[in-house]
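Descriptive analysis of the structure
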Amino acid sequence: MGTELFQPTWKKVAWYAVLTALAVVILFPVYMTFVRAISQPRAYVLAGQPPWPVHPEWDAFSRAFSLGDLGRKFLVSAVVTTVIVAAQLTTSTLAAYAFTFLQFPFRRLLFYVFMATLMLPIEVTLIPNVQTIRSLDWLNSYPGLVAPFLATAFGTFLLRQGFRGIPRDLLDASQLDGFGHLAFLRRVAIPVTRPVVASFAVIAFLSAWNQYTWPRAVVTEGRWETVQIGLKTVTATTAEQNNLGFAAALVVALPILVLLIVLQRQIVRGLTAGAVKG
Amino acid sequence: MSEVAFDGVTKRFGEVTAVDQLTLDIADGEFMVLLGPSGCGKTTALRMIAGLETVTEGTLRIGDRVVNDVEAKDRDIAMVFQSYALYPHMTVARNIESPLVARRFHVDADAPPRKLTAAERSERVDQAARSLGLTDLMGRKPAALSGGQRQRVALARAIVARPSAFLMDEPLSNLDAKLRAQTRIELVELHERLATTFVYVTHDQVEAMTMADRIAVLNEGRLQQVGPPQAVYERPHNLFVARFIGSPPMNTVPGTVVRTDTGVAVQLGGQRIDLDPVAHEPLADGTEVVIGVRPEHLAVDPDGQVKAQVRAVEWLGHERLVVCDLAEHHITVRQSSGAEPVAPGDVLALTADPAHVHLFDPNTTERLN
Amino acid sequence: MSRRTRDALVGYALLVPSAVIFVWFFFYPLVRLFVMGLHQQNRTGTAERYVGWSRFGDVLTGEQFTEGLRISATYVLYTVPLGLVLGVLLAVAANRRLKGIKVFQTIFSSTIASSVAVASVVFFVLLNPQIGYFSSVKFFSLSDPDTALRGVALSSVWQNLGLTFVIVLAGLQAIPDEVDEAATLDGYGPVRRFFRVTLPLISPTLMFLAVVLVIFALQAFAQADILTQGGPVGATETLVFKIFRSQQPIDQGTGSIMALGLFGITLLVSLAQFLLLERRVHYGN
């Protein structure tokens, strides 16, 4: 597929046409959201909901921040995401290091126990976990939003794969040099596996930022809504105001879109981990 | 500078005994080579000196200290790994500096050991790099170096801490043949310059013969023989050492001692080899033995007692090896390439140099003469 | 202390942070699900009585669970095959050497940036019965109980397209050029080459992807929460939707058993994935 270097021009043009058509189909929903976000709602409906903006109001984005309290939601999301990513990086790195470089009784068994948590998505444990959070009085709080996500077996698995690529001799050499395990982890293991760590960080960021079910369950006050939960208000607002909700949706996706364009390699590597051999 | 002493040291991994009752004294400043086939326990022995493996039984001393429970970093040794174990993300300079960062050193007389200052570290690193010709490569990472350069960085990292003993685990096995020969000479020179104990592990007898002050031959976890290269070559203590050292290996053929009025001989199938009567006094008539003769101690001689049929001739340029059938065994004769040509099928009369005939007990495999 | 003992202690210490979270929010709740399933609480959660295992049978065969399961299963059928086909289509189209192909690849993968909530809002714009641009299309109308799930599914397909595309593309790029060249020399045309060579070679990737998409679909909640609030007349109440709604003390027993049902199904799917991966490893060697 990738080898057709010498193609006739008409064939190339045809491919560009196909690719462009596909791109249009994929981007169309976003385009329509954009049109609705900047159109003056009443005028847009009166104009028969055309596929182009009507009376564009560019301040829809800034008003989404002021009216919809999007700023506060961004803050909550940012804190939650930062804490989760930092915590997952730490806990996963430590556990992966233990499973790779240290010998202790029941190591294999414990590894399988860790991996078993991958079979328990938050949707399954939702009811008792919400109960736990409620009994701790952590509803509508940062601890409640982040607690179940401070560790993840996925990260342990991914980083262990990375650590296993480090030759055992490096650990021996490091011990002769007088460094302990934590120094080896910091000085050698993490720098050597930096691409894997980066991929995991990006994936952790993506899933933390995009969470919906859990924050929806432990947040009952608008103040503690993440951006994702905030988007639900679009369904409750009147037709006169819902353009702000659409603007908000675009803004919420923006950080990830930027990340996607800047860190495409890491994202792809993280997403395809385990999916493609070699 | 330190001696290293194994006293009845055993290492077991679960059911497997990797090193069995090893007793070996390595003198201060000695170049000791631990030689043996893979799995013989030589690397395990080395790693015990390094402190990377614990000692199951026995005592291990470095200098006058029992080090069984001393941590690797406190043993004042350096190790060159077979893989070199360079940190791939660090520059050459940082790699060489690594042993100086965390450890404490005796720098000031009569003062307790302390960490080195950055200036002291960089001075030592520069010095080590200079002595191995690495000064121009200090900013590079290992991936940007050739195999030989990486090996030098590993050496520099070992000498930078000025340890009292160097441990080397097959450090030449990743080099090509030409570089290996050159590095052998450099290692000997390094040893002379540093005048420090070297313990060197290899399965390559050429490395052992060319570099060692003494060789310790190991097999299946047990020490077979210790001695200077020449002694180990000329008087192997048992069949394993006899066959392991020397290339091509010593010819070994089972036979029976025959005592006659005229002297002592060994009967091989239908043939007979006379022995030097004085040297073989204690052997009774009818003793089963294995007779060993190195290829270079066999010669074609019209008066030779032993008849063997040529099977193949390998021409190596400066010499040739003639492989013959004798009493259902293959034996090899080493000849200069200028000797009279022979061809497969020829029957040769051979003599063995009586001063270089080795006899072994077929049951214990121990040397008899 | 010997090094071995110290290493073991360090090892356990490094596992503690993760283990605390796993016990607290994964294993303990799993036990709690059984306990709650065995007990019935009163309306305020102040008293509970043991009702026994028989309720497990009642709930798992009851209308609420089977209906939720039917809807979730239908959702899997709507989203997974279509998502895979579209993903392969995009990946094949974008896996060629053309100037500017990176731009198209970025656009095709762009829906990765969209969360479930964002995708749901975007499709709210297209499908909402009052304001939706396509609200008059009967086939996936959100106002008709018979078609609403299709509309909801559409948003999932779109949202997962980026991920599917990226993974299939990686699979295609892992195929050595020589294989395609050999097939071309053997006289295979592009279509035959695709079905005889390309597709079999990326089938392990597709299997993996299928399992991932099935698990995503089984966890679907936000789509229905935002697009339809489970309606009309409960037609889009997925299993997770029903579990989510069972958080009042009086409903918790039933909800817990439904959650265990979902767990069982997830387990089966994961097991299938594990077996497929095992087999793939064997083929690989």
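Residues numbered from 1 in each chain as written. Chains lettered and ligands numbered in written order. Predicted model: local features only at pLDDT ≥ 70, side-chain atom pairs only at ≥ 80, totals over all residues. Heavy atoms only, no water.

So, about the overall build of chain C. Tallying secondary structure elements over chain C gives 11 helices and 2 strands in all. Along its sequence from the N terminus, chain C presents helices and strands in the succession α-β-β-α-α-α-α-α-α-α-α-α-α. Taken against the 2.2 N^0.38 rule, which gives 19 Å for 285 residues, the C-alpha radius of gyration of chain C at 24 Å runs more than 25% over that of a compact globule. Seen through its principal axes, chain C has C-alpha atoms that stretch 75 × 75 × 30 Å. For chain C, long-range pairs separated by at least 24 residues make up 65% of all intrachain contacts whose partners lie at least 6 apart in sequence. Surface summary for chain C: the accessible area is close to 12,700 Å², and the carbon and sulfur share equals 65%. (Helix = DSSP H or I, 4+ residues; strand = E, 2+ residues; numbered from the N terminus. Rg over C-alpha atoms; globule rule 2.2 N^0.38 Å. Contact = heavy atoms within 4.5 Å. Areas by Shrake-Rupley, 256 points an atom, 1.4 Å probe, with all protein chains shown as cover.)

Given 3.6 residues per turn, any residue in an α-helix points the same way as the ones three and four places further on. For helix H2 (residues 92-101) of chain B, the buried fraction is high: 7 of the 10 residues fall into the buried class. Inspection of H2 of chain B places Val92, Asn95, Ile96, Glu97, Ser98, Pro99 and Leu100 of chain B among the buried residues, and these make up the whole buried set. The secondary structure elements touched by the buried residues of H2 of chain B are helix H10 (181-192) of chain A together with helix H3 (118-131) and helix H4 (147-159) of chain B. (Buried < 20%, exposed > 50% of the residue type's maximum accessible area, 1.4 Å probe, protein only.)

In this section: the interface of chain A and chain C. Each partner contributes to the interface: chain A provides 95 residues, whereas chain C provides 96 residues. Carbon and sulfur atoms make up 73% of the surface buried where chain A meets chain C, a total of about 8,500 Å² over both sides. Linking chain A with chain C are 2 salt bridges. Asp225 of chain C is the partner of Lys232 of chain A in a salt bridge, and the nearest nitrogen-oxygen pair spans 3.6 Å. (Buried area = accessible area lost by both parts, 1.4 Å probe. Salt bridge = Lys/Arg side-chain N within 4 Å of Asp/Glu carboxyl O.)

Attention now moves to the sheet that holds strand E1 (residues 4-13) of chain B. Note on sheets: strands pair through backbone hydrogen bonds, and any given pair is parallel or antiparallel. Residue and element names in this part refer to chain B. Taken together, the 4 strands give an open sheet; going across it, the order is E2-E1-E4-E5, and neighbouring strands pair in antiparallel fashion. Lying at the two open borders of the sheet, with one neighbouring strand each, are strand E2 (16-26) and strand E5 (65-66). Against the sheet, helix H1 (residues 42-50) makes contact with E1, E2 and strand E4 (57-62), and its axis sits at roughly 115° relative to E1, the strand it touches most. (Pairing = 2+ DSSP bridges. Axes fitted to C-alpha atoms, helices over the stretch in contact; angles between N-to-C directions.)

We now examine the environment of Asp361 of chain B. Residues and elements named next belong to chain B. On the secondary structure map, Asp361 appears in the segment after strand E20 (358-360). Those residues within four positions of Asp361 in sequence are excluded, and the remaining contacts are Glu366 and Leu368. A polar contact of 2.7 Å, which involves the side chain of Asp361, links it to the backbone nitrogen of Asn363. In this structure the side chain of Asp361 is engaged in a polar contact, spanning 3.3 Å, whose partner is the backbone nitrogen of Thr364. (Polar contact = N/O pair within 3.5 Å; in protein donor to acceptor, adjacent residues only side chain to side chain.)

With that out of the way, let us pick up the confidence of the model for chain A. For chain A, per-residue confidence averages 88 on the pLDDT scale, and 94% of positions sit at 70 or higher. Across chain A, the element-wise mean pLDDT spans from 78 in helix H15 (residues 264-272) of chain A up to 97 in helix H7 (residues 142-146) of chain A. (pLDDT = per-residue confidence, 0-100.)

Buried accessible area, meaning the area lost when the parts come together, often serves as the stated size of an interface. All names here are of chain C. Here the domain parsing of chain C yields domain 1 (3-37) and domain 2 (60-278). A C-alpha centroid distance of 33 Å is found between domain 1 and domain 2. Each partner contributes residues to the interface: domain 1 has 5 residues there, and domain 2 has 7 residues. Our count for the contact surface shared by domain 1 and domain 2 stands at 0 salt bridges. On the surface where domain 1 and domain 2 come into contact, there are 0 residue pairs in polar contact (both at pLDDT 80 or more). Of the residues contributing to the side of domain 1 that touches domain 2, the split by class is 4 nonpolar, 1 polar and no charged. (Domains from an automatic or database assignment. Nonpolar A, V, L, I, M, F, W, Y, C, P; charged D, E, K, R; others polar.)

With that settled, consider the layout of surface pockets. Empty space within the second largest pocket amounts to approximately 590 Å³. Forming the boundary of the second largest pocket are 20 residues, of which Gln103 of chain A, Glu53 and Thr54 of chain B together with Arg3 and Arg4 of chain C lie nearest the centre. Those elements giving two or more residues to the lining of the second largest pocket turn out to be helix H9 (168-176) of chain A, E1 of chain B together with helix H1 (3-38) of chain C. Ranked by the residues each element gives to the lining of the second largest pocket, the list is headed by H9 of chain A, at 4 residues. (1 Å grid on protein atoms, 1.4 Å probe; cavity = no way out; pocket = protein on both sides within 12 Å on 5 of 7 lines; lining within 4 Å. Points joined across faces, edges and corners; volume = space filled by probe spheres on them.)

Another aspect to go through is the packing of helix H3 (residues 63-94) of chain C against helix H8 (residues 190-218) of chain C. Residue and element names in this part refer to chain C. One can describe the packing of H3 onto H8 by two numbers: an axis separation of 9 Å at closest approach and a directional angle of 140°. One element, H3, and the other, H8, form an angle in the oblique class. Between H3 and H8 lies a crossing whose hand is right-handed. Contacts between H3 and H8 involve Ser72, Tyr75, Val76, Thr79, Val80, Leu84, Val88 and Val92 from the first element and Phe194, Leu206, Leu209, Ala210, Leu213, Val214, Ala217 and Leu218 from the second. The class makeup of the residues in the contact of H3 with H8 is 14 nonpolar, 2 polar and no charged. (Parallel < 35°, antiparallel > 145°, perpendicular 65-115°, else oblique. Left-handed = near helix turned anticlockwise from the far one by under 90°.)

Residue and element names in this part refer to chain B. The element strand E14 (residues 288-293) is extensively covered by neighbouring structure, given that 5 of its 6 residues are classed as buried. Of the strand pairs in this sheet, strand E11 (residues 251-259) and E14 are connected by 6 bridges, and their pairing is antiparallel. Bridged to Thr256 within E14 is Glu288.

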